[in-house]
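# Architecture and fold: a report
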Amino acid sequence: MTERLYYNDTFLSEFSATVLDANELKRENNHSTWAVKLDRTAFYPTSGGQPFDLGQLVAESKSGVALESAVTDVFEDEQGEVWHQTSKVIPPGAQVRGHIDMERRRDHVQQHTGQHLLSAAFIQLLDAKTVSFHLGEQVSTIDLDTPAISAVDLVRVERLANEVIAEDRPISVRYATREEALQMGVRKLPERSGEIRLIDIQNFDLNACGGTHARSTGQIGGLILRRTEKVKQGLRVEFVCGLRAAATARRDFELLSESAALYPCAPADLAANITKQREEARQQQKQQARFLEEVAELKAAQLLSEVPAAAGAKRVISQVFCDRDASYIKLLAQRLTKSPSVVALLASSQTAPTLVFARSTDLSSDMGTLLRELVTAAGGRGGGGKDFAQGGIPDASQLESILKQAKAKLAT
Ligand SMILES: [Zn+2]
């Protein structure tokens, strides 16, 4: 079995090894990808929710030329052997130097060790157990076996985790049998027997794990809880640690500053300003609605005065409005037909070509049938009741002629 150097030194960035085996993984467009097994490695293979390391393997050929190959994936096979995916084949027996991408490793160490701390803090304060962990590209998540956690409790857990980080407690690795581990009160034990690797955060958490961890809690650097989400198995909690936490806080601050500059106001006043402006907008909308009703009332009176009432005859008001929308012509039709013996045939071409036919309650013509017949013939849709109907057509240039046809039909 490959000796796993990261078990004893999380921050080992370079190592020497001998190639034990190399297999072609796949071949695409005349290019092969290889899986290389070493006698010892500092590369971490994907497992336990922590992704693989990246880096390079550098071999020296017999001619003395260095052969450098990027390590693009590291994985375990069913037997627990570690394989390094490379773009070049390195033959068995070759001596190689391994170089780990330490920026990626440090990021993984911060998120992963932060997860140990966070899982322990959730148990200590809320008795919420972690059922799974995922280390993502942007944020990491743990799923807890609880349906919900209040915002106040989330802040308490975040506070406790950050206190333990600030105390810089030592983190050590210990080995024990399953029976010994059980007696020690380990948080989560694997099913398998044999020697178990334990990660001990001094006086805070003891957990079985094969991952890479910080030397002390201070190296986690800080922890921020983000959003939560209900999932099938309970509650998913997003979090970021260390440099990710700083980068996330920086992004949030820039977003907040940009948003505040639009008002403009200080970031701290943003929520109050938004609330104030929304209330002002609501008041303005109310006022505008009142004005529109007044305008419709006056317009209705004007239109009615232009068509004098003759005893026993209905008054047909017909007009296309280019600069008024559908809601205005509806309002106007309602106002017009409040007077007796009025038929309103109105149209708007301001946005979508719209028609409104309405009549006073003392008349008997069927506006719904009339409108449906005319708009359908013009390729549109519409309908309504006997005293009020509304519809739309695709072509605004047909509005005038539809109103004329409606007037003619009403005259017969
Ligand atoms: Zn771990």
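Note that the coordinates shown come from a computational prediction; the quantities given were computed from them, not determined experimentally.

### Describing the pairing of strand β9 (residues 130-135)
Judged from the 5 bridges that link them, β9 and strand β10 (residues 140-144) form a sheet pairing that is antiparallel. Within β10, the position partnered with Leu-135 by the bridge is Ser-140. The loop that links β9 with its antiparallel partner β10 comprises 4 residues.

### A short note on the nonpolar core
Leu-332, Ala-344 and Phe-357 are the most contacted members of the largest nonpolar core, which totals 32 residues. Elements with a contribution of two residues or more to this core: α5 (270-306), α6 (326-336), β17 (342-348), β18 (354-359), α7 (367-377) and α8 (399-411). Among the elements that line this core, the one with the most residues is α6, at 7 residues. Judged by nonpolar contacts, the second largest core, of 31 residues, contains Leu-117, Ile-149, Cys-209 and Val-240.

### What about the packing of helix α1 (residues 102-126) against helix α2 (residues 151-166)?
The geometry of α1 relative to α2 is characterised by a closest axis approach of 9 Å and an angle of 125 degrees between their N-to-C directions. The angle between the axes of α1 and α2 places the two elements in the oblique class. By crossing handedness, the relation of α1 to α2 is classed as right-handed. Taking contact as the criterion, the partners of Leu-117, Leu-118, Ala-121, Phe-122, Gln-124, Leu-125 and Leu-126 in α1 are, on α2, Asp-153, Arg-156, Val-157, Leu-160, Ala-161 and Val-164. The class makeup of the residues in the contact of α1 with α2 is 10 nonpolar, 1 polar and 2 charged.

### Some words on the domain arrangement of the chain
Interface size is commonly expressed as the accessible area that is lost once the parts come together. On domain assignment, one finds that the chain holds domain 1 (3-100), domain 2 (106-261) and domain 3 (288-411). Between the C-alpha centres of domain 2 and domain 3 the distance comes to 67 Å.

### What about the sheet that holds strand β15 (residues 234-241)?
Across the sheet, which stays open at both edges, the 4 strands sit in the order β9-β10-β15-β14 with antiparallel pairing between neighbours. Two strands lie at the open edges of the sheet, namely β9 and β14 (223-231), each paired on one side alone. Here the strands of the sheet are splayed against their neighbours by 20 degrees on average, with no regard to which way each runs. Helix-sheet contacts for helix α4 (residues 242-261) involve β14 and β15, and the interaxial angle to β15 is about 90 degrees.

### Some details on the environment of Ala-310
Position of Ala-310 relative to the elements: it lies in the loop between α5 and β16 (315-321). Among the residues examined, Ala-310 registers 9 C-beta atoms within 10 Å and is labelled exposed. C-alpha of Ala-310 to C-alpha of Leu-38: the two residues are 272 residues apart in sequence and 105 Å apart in space.

### Section: α1
Over its 25 residues, α1 extends 35 Å from the first C-alpha to the last, a length consistent with the 36 Å expected when each residue adds 1.5 Å. Backbone geometry just after α1 places Asp-127 at a positive phi near 55 degrees.

Criteria and thresholds
Residues numbered from 1 in each chain as written. Predicted model: local features only at pLDDT ≥ 70, side-chain atom pairs only at ≥ 80, totals over all residues. Pairing = 2+ DSSP bridges. Helix = DSSP H or I, 4+ residues; strand = E, 2+ residues; numbered from the N terminus. Core = buried A, V, L, I, M, F, W, Y, C linked by C-beta atoms within 7 Å. Buried ≥ 20, exposed ≤ 12 C-beta atoms within 10 Å, placed from the backbone. Axes fitted to C-alpha atoms, helices over the stretch in contact; angles between N-to-C directions. Parallel < 35°, antiparallel > 145°, perpendicular 65-115°, else oblique. Left-handed = near helix turned anticlockwise from the far one by under 90°. Contact = placed C-beta atoms within 7 Å. Nonpolar A, V, L, I, M, F, W, Y, C, P; charged D, E, K, R; others polar. Domains from an automatic or database assignment. Expected span 1.5 Å × (residues − 1).

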